[in-house]
Every structure is written in structure tokens, then in C-alpha cells.
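# Fold and contact review
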Amino acid sequence: MLTPPEGASRWRRGHTGHMYGNDFAEPDDPGAGPLNAADGGAVEAAAAHVDTKSQQGLETFDAIIAADQRIEPRDAMPEEYRQTLIRQIAQHAHSEIIGMQPEGNWITRAPSLRRKAILIAKVQDEAGHGLYLYSAAETLGIDREELLDRLHTGKQKYSSIFNYPTLTWADCGAIGWLVDGAAIMNQVPLCRCSYGPYARAMIRTCKEESFHQRQGFELLWELMRGTPEQQAMAQDATNRWWWPALAMFGPRDTGEHAVTGGHTEQSMAWGIKRFSNDDLRQKFVDMTVPQAQRLGVTLPDPDLKWNAERGHYDFGEIDWDEFWRVIKGDGACNAARIERRVTSHQQGAWVREAAAAYAAKQRQRASAGAAGEGSAA
Ligand code: BYC
């Protein structure tokens, strides 16, 4: 949790905290303006102008969005925009850290040292993505502790895909190839998201996802060139992960849910999403079919065929009842995933306490050093 540095009563929570160096004003910085407003009686004066100011701020917001530029943490933004980003970025961060579990399950059973090293690195990358994303969410003025609490209590979602079990080693290949493949398709456009910290967090994430996708493809490639049992294992994993990977892109752009519970239209107007769920899903199918042909696996969809008129592959209907059931908690692994997450969070309490104690000590030393320099001068 973000806590005020010792002795700093007016430390401001929200925006960047200590996360994004340039945007953080030290509590006692005389130039920090609003930080010290409460002392100077400026609050009342500011309140008198607040309506005009916020109106001006929102006009600037509209202009920035219209010019396809980035909104930064200190820019004024509509509350709905901020809440939408908190929801999406948090859900994305939660997906990254919950997403460590299905593959983490195979680290001790990886079939060679090379595969084990690759898998450890991959799972570690997912933790890193979670960190970038929680940091980006914090710039919107919400605590990481609060976000984790919302995950642990089911108030916020994580991706449906991670509620499916990893039954065989080939599942690690299918996750890399299909799940990370879908993730890249969804996340590359997010590098151009209108909210600066989210867009920047996506750049490195996408580079790493690209490695993840290739390692999954290569893992399946080896299995498909192995024994008949290994080939069957790769095909079985493809069969089980194909449809959940397509559902990952989210509900259809049309139909009842799109009208009543969908965010796409507004998020596209704000430049958060650059493509609709169906458009990204179609791009993913078009990209993946030739890869499946190269691998030698069959995608489990009898309706999958090239449509020359559309210039795209047609594909069958996703089981949306299953998608909503899984999201609402009735997937094979929902309970186990959250239980594991809460347990490891509890087990990590001492690390967070130690880190906070160390940071407090560093601050004390730094201020004692600064006081010493002051008296020497
Ligand atoms: N799972 O209007 P929509 C990874 C919800 S991690 C669960 O389209 P939106 C990886 C949606 O939240 C990849 N819920 O919403 C890690 C909304 O419900 P609420 C994770 C879903 O936000 C480790 C409702 O359905 N990637 O790659 O405009 C190992 C209506 O949907 C899902 C991201 O999070 C779902 N699949 O669009 C390997 C990417 N889909 O919130 C790999 C960032 C939809 O109103 N997120 N819902 O209760 C996004 O791009 C967007 O949030 C989504 C959904 C496209 C997912």
C-alpha cells in the first residue's frame, strides 16, 4: 500500500505516487503548488474557479483525444474515462499474474533443462507485465493494495482463459502459441492507447509476448515432429485451447450484450481500444490458420474456411454460454486460481513489510544526510 513518508503529513496520494519520476512532486517542494494549497488558504480560491477550470480541462481532454495524442496522469480527464482505464488495466494486470499459474504448474515437470529455463523466464516475464500494469493503474490514483483486494474478493475480473486447466506438457505450447498469440493481437494496438502510461507499458510487454508466442509454436513444432503420442498430445492441446483463445477477445460487437454491457464503442471513441473485439478475433484467425497448417495440427472447427469474397476465414460460433459461465466463476479452475493467489499474497506479506521497512530506513538516512549537509553549509 502507498503510505506517506514519515513526517510528511500532506503527501498526496493518487496520480503517480513514486512511480513515474518526472511527474512526482516531493511533499515539501515549494513549487509543488496544490500540495501546499491547504496551508495557504488557496483551497477556497481554487474552489471558486473549479467549475471553469474543469470545463477547460475537459475541453483540453477532448482536443488531445481528437488530435490522437496521449493523455498523461496530470491531465484532466472525465471520471468515466479514468474508471474505464482502471477497470481494463487492472483486469489486464490481474490476468498477467493469474496467468502465471497454469504454466507455473509445469516448471518442475518440464522435459529438459532448456525447456525449464525457457518456462521459468516466461512465467517471470508475466510477473513483470503485472508490475508494469499495476504501476500504470496506480497513475490513475488507485492503490495496488486496493486493486489486489478487488481481485481477491472477485470484484474485478481476470481473463477467462486462465480458468482452463493445463493437463499435459503440450498445453504449455498451446498457451504460448494461441493464448500469447491472441494477447499480442489484442495488445499491439494498445501500444497506441490514448492513456500514455498504459500505452508505454504495452511496448515492452508486446516484445516479450512475441518471444512467448514463438516459444509456444516451437514447442508444438517439436512435438509434431516427434512420436505419434507426442503428435496426439499437441493436437489434443490445440483442440482444448482453440475456442477459449477465440473467446478471450471478449463478447461480440453486436447483439444484446454489446448494447447493454459492452464498452467497445465508448472505449474506441476515447482511443483506448483501437479495434473492436470481433475485428481483432478475425485478424487472429487469419494469422493463425496458416501457422496451424505449417505445424500440421488441425483447428477444431468444421466451419473454418477461406471466404474469397470477404478476404478472410469464416469460422464457427463460439460457445458464449460457456464464456459467461467461466467469467462468472464456474470454470474448471476459478476457485483454485483465486485460492492459490490469496495464499501466495498472504505468504508474501513479510516481503512487502521488509521492503517498506527498508524504504523507510533509506528515506530516514537520506533526510539525515540532507540535514547534515544543510548544517555544514
Ligand atoms: N475474460 O465490452 P467488453 C496474457 C468482460 S493476459 C474475462 O468487450 P472491454 C497472458 C469485460 O471485462 C491477457 N472478462 O469489455 C498472461 C466486460 O465486463 P465488465 C489479458 C472479459 O473491456 C499470462 C464484459 O466482458 N489481456 O496475455 O471493452 C500468460 C464486456 O466486454 C473478457 C487483457 O486484459 C475475457 N476474455 O474489452 C499468457 C487485454 N472479455 O468489466 C498470456 C486488455 C471481455 O464490464 N483488455 N470480458 O464487468 C482488453 O483489451 C479488454 O478489456 C478486453 C475486453 C478486449 C479483454
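The structure this text deals with has already been given above.
The sections below set out a description of the structure shown in this document. (Residues numbered from 1 in each chain as written. Predicted model: local features only at pLDDT ≥ 70, side-chain atom pairs only at ≥ 80, totals over all residues. Heavy atoms only, no water.)

### Thoughts on unusual backbone geometry
Of note, Asp68 is a non-glycine position whose phi angle comes to about 60°, a positive value. Positionally, Asp68 belongs in the loop between α2 (42-66) and α3 (79-98). (Helix = DSSP H or I, 4+ residues; strand = E, 2+ residues; numbered from the N terminus.)

### Details of the nonpolar core
If you look at the biggest cluster of nonpolar residues, it comprises 76 residues, and the most contacted ones within it are Tyr81, Leu85, Ile89, Tyr195, Tyr198, Trp241 and Phe284. Here this core takes nine residues from helix α7 (residues 170-187), the largest share from any one element. (Core = buried A, V, L, I, M, F, W, Y, C linked by side-chain atoms within 4.5 Å. Buried < 20%, exposed > 50% of the residue type's maximum accessible area, 1.4 Å probe, protein only.)

### Quick notes on the environment of Gly57
Tracing the chain through its elements places Gly57 in helix α2. Look at Gly57 and you get buried, because its relative accessible area is 15%. Expressed as a C-alpha distance, the spacing of Gly57 and Pro78, which sit 21 residues apart in the sequence, is 9.2 Å.

### As for the site of the ligand
As a structural note, the neighbourhood of the ligand is formed by 37 residues, with Lys157, Ser160, His263, Lys273 and Asn277 the closest of them. Contact between the ligand and Asn186: an oxygen atom at 2.9 Å from a side-chain N or O atom of the residue. Between the ligand and Asn277, the relevant distance is 2.6 Å, taken from an oxygen atom to a side-chain nitrogen or oxygen of the residue. Summarising the interface, the protein chains cover 93% of the accessible area of the ligand, which totals 1000 Å² for the free molecule. Secondary structure elements with two or more residues in the shell around the ligand: α3, α5 (113-138), α7, α8 (196-224) and α13 (320-330). Sort the elements by how many residues they give to the shell around the ligand and α3 lands first, with six residues. (Near = heavy atom within 4 Å. Polar contact = N/O pair within 3.5 Å; in protein donor to acceptor, adjacent residues only side chain to side chain. Areas by Shrake-Rupley, 256 points an atom, 1.4 Å probe, with all protein chains shown as cover.)

### Considering the pattern of salt bridges
Under the defined criterion, the tally for this structure stands at 18 salt bridges. Taking the shortest distance from any N to any O, the salt bridge between Glu138 and Arg144 comes out at 3.2 Å. Note on Arg144: relative accessible area 22%, which makes it partly exposed. For the salt bridge of Asp278 with Arg281, the shortest nitrogen-to-oxygen distance reads 2.6 Å. Pair noted here: Asp278 and Arg281 are both in helix α12 (residues 277-295), with a separation of three residues, about one helical turn. On the basis of relative accessible area, Asp278 is assigned to the buried category, the value being 17%. Connected through shared salt-bridge partners, Glu103, Lys122, Glu126 and Asp180 make up one network. (Salt bridge = Lys/Arg side-chain N within 4 Å of Asp/Glu carboxyl O.)

### Some details on α8
The terminal C-alpha atoms of α8, which comprises 29 residues, lie 42 Å apart, in line with the 42 Å expected from a rise of 1.5 Å per residue. Of all the bends in α8, the greatest, near 25°, is centred on Ile203. (Expected span 1.5 Å × (residues − 1). Bend = angle between axes of the 7 residues up to and from the residue.)

### Quick look at the packing of α7 against α8
Packing of α7 against α8 brings their axes to within 7 Å, and their N-to-C directions diverge by 145°. Both α7 and α8 take part in a crossing whose hand is left-handed. For the contact of α7 with α8, a count of residues per class yields twelve nonpolar, ten polar and two charged. (Axes fitted to C-alpha atoms, helices over the stretch in contact; angles between N-to-C directions. Left-handed = near helix turned anticlockwise from the far one by under 90°. Nonpolar A, V, L, I, M, F, W, Y, C, P; charged D, E, K, R; others polar.)

### A word on the packing of α8 against helix α9 (residues 228-247)
Two elements in contact, α8 and α9, have axes whose closest approach is 7 Å; the angle formed by their N-to-C orientations is 140°. When the interaxial angle is binned, α8 and α9 end up oblique. Of α9, the residues touching α8 (which contributes Leu220, Leu223 and Met224) are Gln230, Gln231 and Ala234. Partitioned by chemical class, the residues of the contact of α8 with α9 number four nonpolar, two polar and no charged. (Parallel < 35°, antiparallel > 145°, perpendicular 65-115°, else oblique. Contact = heavy atoms within 4.5 Å.)

### A look at empty space enclosed by the protein
Tallied over the full model, the rule gives two cavities of 30 Å³ or more. Estimated volume of the second largest cavity: approximately 30 Å³. Of all the secondary-structure elements, those providing two or more residues to the lining of the second largest cavity are α5 and α8. It is α5 that provides the largest number of residues to the lining of the second largest cavity, a total of three residues. (1 Å grid on protein atoms, 1.4 Å probe; cavity = no way out; pocket = protein on both sides within 12 Å on 5 of 7 lines; lining within 4 Å. Points joined across faces, edges and corners; volume = space filled by probe spheres on them.)

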